[in-house]
Each structure stands twice: as structure tokens, then as C-alpha cells.
Amino acid sequence: MANLTDLSLYIHIPFCVKRCRYCDFYSETGAGVELIDKTLNALLISLDASMSHLKPDNISTVFIGGGTPSIIAPASLNRFLKKMNSWIGNVSEFSVEVNPESLTRDFLEVLSGNNVNRISMGVQTYDADLLTWLGRPAGVEALDRADNMLEEYWQGRLSRDLLASLPGKPDRLLKDLNRALIGEPGHLSLYELTIEPGTPLAGNMEDLKRLPDEKSVLDEWSMALSFMAERGYTRYEISNFARKGNESQHNLTYWRMRPYLGIGPGAVSTIPQDDNRIIRRQEKRDLLSWLSDPTGSFSESTLTSGELALEHFMMGLRTSEGLSVNRFRAVFGMNPAEAVPDAVDRWVSSGTLISDSVSLRPTSDGMDLLDSVLSDIAAETDKTQWPEVCLWPQP
Ligand code: SF4
């Protein structure tokens, strides 16, 4: 197996209290303690097998997400984390996603006692009507209770998630941002609501009619950007804001195209092999079939050099730091600006991208034009002569 100096680890907990009306992540509802414990055991079996196979020198970050990890009973979580920690050693950033309705003091104590140093809490909004409209399992009381609990019992790092582009009054997001920044969490994620095909929201015309028009969405977004900047949060990725030093190291792994291992139903991994192939691994999205073979329920494909290059652009240009010229050159033997010269020239001239000897990166306005930039780049990567074999250097 490739000499992995650093690996990030994602664990998917595929359970939720109920399905939110906009969500298309994989999760099951109504699971009892027995099924959750069985899944945790299977996750450990799968992790053990992958770690024995990959033998990374170091696990740099861990993210336990879902689904709703806070649905796990504290005693079960304690057993799970102790076992996991005995394999992975000291991790610089260890995050767990939590939901307000299931967060308890015992759960927080288990996290603190097992090296978890960051919580990411899904809030989405503090508006009672919108929480109902979104089908969130938490109402305002659960949110108040969770925020109070975090203030009293959580000493680690904290991020909250909010949603933009929701129906309603223009000042709704401003109120939510003010509330979400109480206690000055180091990090905030602000995602635009997207209507995913097949979700209950996508199938309801009355709901769709309530969505704000394009101008309202843009006005709200620009207000949110100004507000976050005034409050001292840097937009370091399209949807992510942090005070200095509080950026999500785990998510930066994805955006910097570093190796990561995903374990659990629906999880994805990107891992280099001994022969320099870069493998994309996708675990089955169905819990019962995943449980029947937790170490073998996945499909694998080898990324071509062109696919890998396009992913470098797609991931790197999401961030304010952009694509590292040195790393891109080490992987593909050329600068990003040499790889797609016409697209880079065009978007640099329009003030959307900056290209220098350090990186190819978006300007602050350019971050919001990423879709157009990427479609231009994608069209040009098809014509680029990529090397047959790429090396995927470790940090
Ligand atoms: S709690 Fe999160 S993962 Fe679960 S259905 Fe809602 S948005 Fe999706």
C-alpha cells in the first residue's frame, strides 16, 4: 500500500430522528439501540480492516458525521470512541456532528473524555416556522436547550451550520447570524438551501413557490458576507467562515485534495495506491446490505489524470487559498495556469481569479462565480495533455 504519511478519517453514522424535508444524505430513521450498536461494531470492523490495509503513519483529522451522531447513546459512543482512539492515536482535530434535539450533557462529557475537540452543530435556522417548514427534528426549545448546554459544558471548538435562501423576511438570516454567533464560536457554515430531486420539498409546488427570487437571494447573501466580515470571520471557503486558526482542518483535507478514508454506508474515500493509481471508493448506501459485509460493501474506480485534475480545480477554487501551484505541478508536471491557459486568462482578466507563483485562487467576488469558471475549465481540461501516471504527493 502507498506510503501514507497522513490520512483523514470520516465515519458516517447513518441514523436520524426523522428525515428533514430537504435532505438527500443517506440515513435511516426509527433505529433502536440494538441496531445502532450493531452498526457501531460494524464500523469498527471496517475501520480495523482499512487501517490494517492502509497502514497510515498518522491520522491527522477525524470527522464523525451523518446522519445524526448525537443519536448514539453515550455509553455506546464511549465504547466506540475508546476502541477507535486505541487505533488512531493523537489526532490534531477530532470533530463530531451533533443535532440540538438529541444533544445531552452525558454525550458532551463522553466527547470531552475521548479527545474530541470540535463540535459541529446543525442549527439551520432559529425561526420556529422555518424549522417546521424544513422538517427539522429540533424546534426552538431544543435549540435553546442545546445552546445553553454547550455554553455550560463544552470547552472545545464549536461550529454552527445555518441555511441561507429560505423563504421569509429579508432580515431572517441576519437574526439567525446574530444568534448563531452568540458565544463567538470559531466557525460558521452557511449553506444555500438547494432543492435536491426526490426530496419532499422538491415535490411540493406550494413549498417551491415560497422560495425567494434570485435578487432576494443575492441581496441576502451579500448582507451575510458583510456581516461575517464585520464580525471578524474570514470566508475561507464558499460556504465556510472562521476566525483565524479555527478553519476546519478536516474539510481542508478535501479541498486540498489530500487522502481521506470514509467508513460507513454511503461514505466515500480517495486513496493513492502503491502503483500511483488514485482510487475512489464508494461504500453501499443501504444499511442492511452494508451491515452484511462491512469490509467489502463498496465499489472502486481509478481516477484518470484528467478527472483528478478537474477535481483539483473544483476543490481548490472553492477556497480563498486556492490551488497550490507547487502541489499541482508535483502531481501533473505543469502549473494550473499552463494546464488551462485560455480559461485562466479569461477569468483573471475579468477579476474573478488571481494567478501567481503561489496559487490560482478566486478573488472575493470570484468565489460566487465558481460554477461558470469551472464549466470553462472543464471544457478546456478535455483538451489538455495530462500525464498518463500522476504522483499524489503527501503533505
Ligand atoms: S438531521 Fe441532518 S442528516 Fe438527518 S435528515 Fe436532517 S439534514 Fe439530513
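Residues numbered from 1 in each chain as written. Predicted model: local features only at pLDDT ≥ 70, side-chain atom pairs only at ≥ 80, totals over all residues.

A.B. asks: Account for the overall build of the protein chain, naming residues and giving values.
C.D. replies: Looking only at helices and strands, one finds 15 helices and 17 strands in the protein chain. Its C-alpha radius of gyration of 21 Å places the protein chain within 12% of the 21 Å reference for a compact globule of 395 residues. With the C-alpha coordinates of the protein chain rotated into their principal frame, the extents come out at 55 × 50 × 40 Å. Put simply, the protein chain has 395 residues, and 40% of those count as buried. Pairs at least 24 residues apart make up 72% of the contacts formed inside the protein chain by residues separated by at least 6 positions. (Helix = DSSP H or I, 4+ residues; strand = E, 2+ residues; numbered from the N terminus. Rg over C-alpha atoms; globule rule 2.2 N^0.38 Å. Buried ≥ 20, exposed ≤ 12 C-beta atoms within 10 Å, placed from the backbone. Contact = placed C-beta atoms within 7 Å.)

A.B. asks: Requested: an account of the pairing of strand E9 (residues 234-237), with residues and values cited.
C.D. replies: By the bridge criterion, three bridges tie E9 to strand E10 (residues 240-242) in an arrangement that is antiparallel. Across the sheet, residue Arg-235 finds its bridge partner in E10, namely Phe-241. (Pairing = 2+ DSSP bridges.)

A.B. asks: Give me the site of the ligand: which residues, what numbers.
C.D. replies: Every residue lining the ligand is accounted for by Cys-16, Arg-19, Cys-20, Cys-23, Phe-25, Ser-27, Gly-66, Gly-67, Thr-68, Asn-99 and Gly-122. Here the residues of the shell around the ligand are counted per class, giving four nonpolar, six polar and one charged. (Near = placed C-beta within 6 Å. Nonpolar A, V, L, I, M, F, W, Y, C, P; charged D, E, K, R; others polar.)

A.B. asks: How would you explain the sheet that holds strand E16 (residues 353-355) if you had to name every residue and give the values?
C.D. replies: Strand order in the open sheet formed by three strands is E15-E17-E16, and the pairing between neighbours is antiparallel. The open sheet has two edge strands, strand E15 (323-324) and E16, and neither has a second partner. Both E15 and strand E17 (residues 359-362) contribute to a ladder of two bridges, which runs antiparallel. Opposite Ser-324, over in E17, you have Ser-359 as the bridge partner.

A.B. asks: I'd love a proper account of the pairing of strand E7 (residues 157-164), names of residues and values included.
C.D. replies: With respect to burial, E7 is a largely interior element, seven of its eight residues being buried. Bridge analysis of strand E6 (residues 118-124) against E7 gives six bridges, and the strand direction is parallel. Along E7, the bridge assignment pairs Met-121 with Arg-160. When E7 meets strand E8 (residues 187-192), the two strands line up parallel, connected through six bridges. By the bridge assignment, Leu-163 is partnered in E8 with Tyr-191. Once the chain exits E7 it traverses helix H6 (residues 172-180) before rejoining the sheet at E8, and the crossover so formed is right-handed. (Right-handed = clockwise from strand over helix to strand, strands pointing away.)

A.B. asks: Tell me about the packing of helix H14 (residues 341-349) against helix H15 (residues 370-381), and please be specific about residues and values.
C.D. replies: Direction vectors running N to C along H14 and H15 enclose 155°, while the axes themselves pass 8 Å from each other. Between H14 and H15, the crossing angle belongs to the class labelled roughly antiparallel. On the side of H14, the interface is formed by Asp-342, Ala-343, Arg-346 and Trp-347, while H15 contributes Val-373, Asp-376, Ile-377 and Glu-380. Its residues placed into classes, the contact of H14 with H15 shows four nonpolar, no polar and four charged. (Axes fitted to C-alpha atoms, helices over the stretch in contact; angles between N-to-C directions. Parallel < 35°, antiparallel > 145°, perpendicular 65-115°, else oblique.)

A.B. asks: I'd like to hear about the domain arrangement of the protein chain, residue by residue, with values.
C.D. replies: Domain annotation for the protein chain reports domain 1 (7-253) and domain 2 (306-381). Centre-to-centre, using C-alpha coordinates, domain 1 lies 29 Å away from domain 2. Taken together, the contact between domain 1 and domain 2 spans four residues of the former and five residues of the latter. Here the side of domain 1 that touches domain 2 is composed, by residue class, of two nonpolar, no polar and two charged. (Domains from an automatic or database assignment.)

A.B. asks: Explain the packing of helix H1 (residues 33-54) against helix H2 (residues 74-88) to me, using residue names and the numbers behind them.
C.D. replies: Where H1 meets H2, the closest approach of the two axes is 10 Å, and the angle between their N-to-C directions is 5°. As far as their axial angle goes, H2 and H1 are roughly parallel. Facing Ile-36, Asp-37, Leu-40, Leu-44, Leu-47, Asp-48 and Met-51 of H1, the residues of H2 in contact are Ser-76, Phe-80, Lys-83, Met-84 and Trp-87. Class assignment of the residues belonging to the contact of H1 with H2 gives a composition of eight nonpolar, one polar and three charged.

A.B. asks: Tell me about the environment of Glu-388, and name the residues and values.
C.D. replies: Locating Glu-388 in the fold gives a position in the segment after H15. Counting along the chain gives 244 residues from Glu-388 to Asp-144, while the straight-line C-alpha distance between them is 55 Å.

A.B. asks: So what's going on with H6? Which residues, and what values?
C.D. replies: Listed in full, the buried residues belonging to H6 are Leu-173, Asp-176, Leu-177 and Ala-180. The buried residues of H6 occupy an angular sector of 100° when the element is viewed end-on, so they sit on one face. In this structure, the buried side of H6 is in contact with E6, E7, E8 and helix H8 (214-230). (Arc of directions from axis to C-beta.)

A.B. asks: Break down unusual backbone geometry for me, citing the residues and quoting the values.
C.D. replies: The amide bond that connects Gly-66 to the next residue, Gly-67, takes the cis arrangement and shows omega of 25°. Position of Gly-67 among the secondary structure elements: in the loop between strand E4 (59-66) and H2. Non-glycine residue Ser-165 carries a positive phi angle of around 65°. Within the secondary structure, Ser-165 is located in the loop between E7 and H6. Of note, the phi angle at Glu-184 is positive, near 50°, even though the residue is not glycine. Tracing the backbone shows Glu-184 in the loop between H6 and E8. Residue classification places Glu-184 among the exposed residues on the basis of 10 C-beta atoms within 10 Å.

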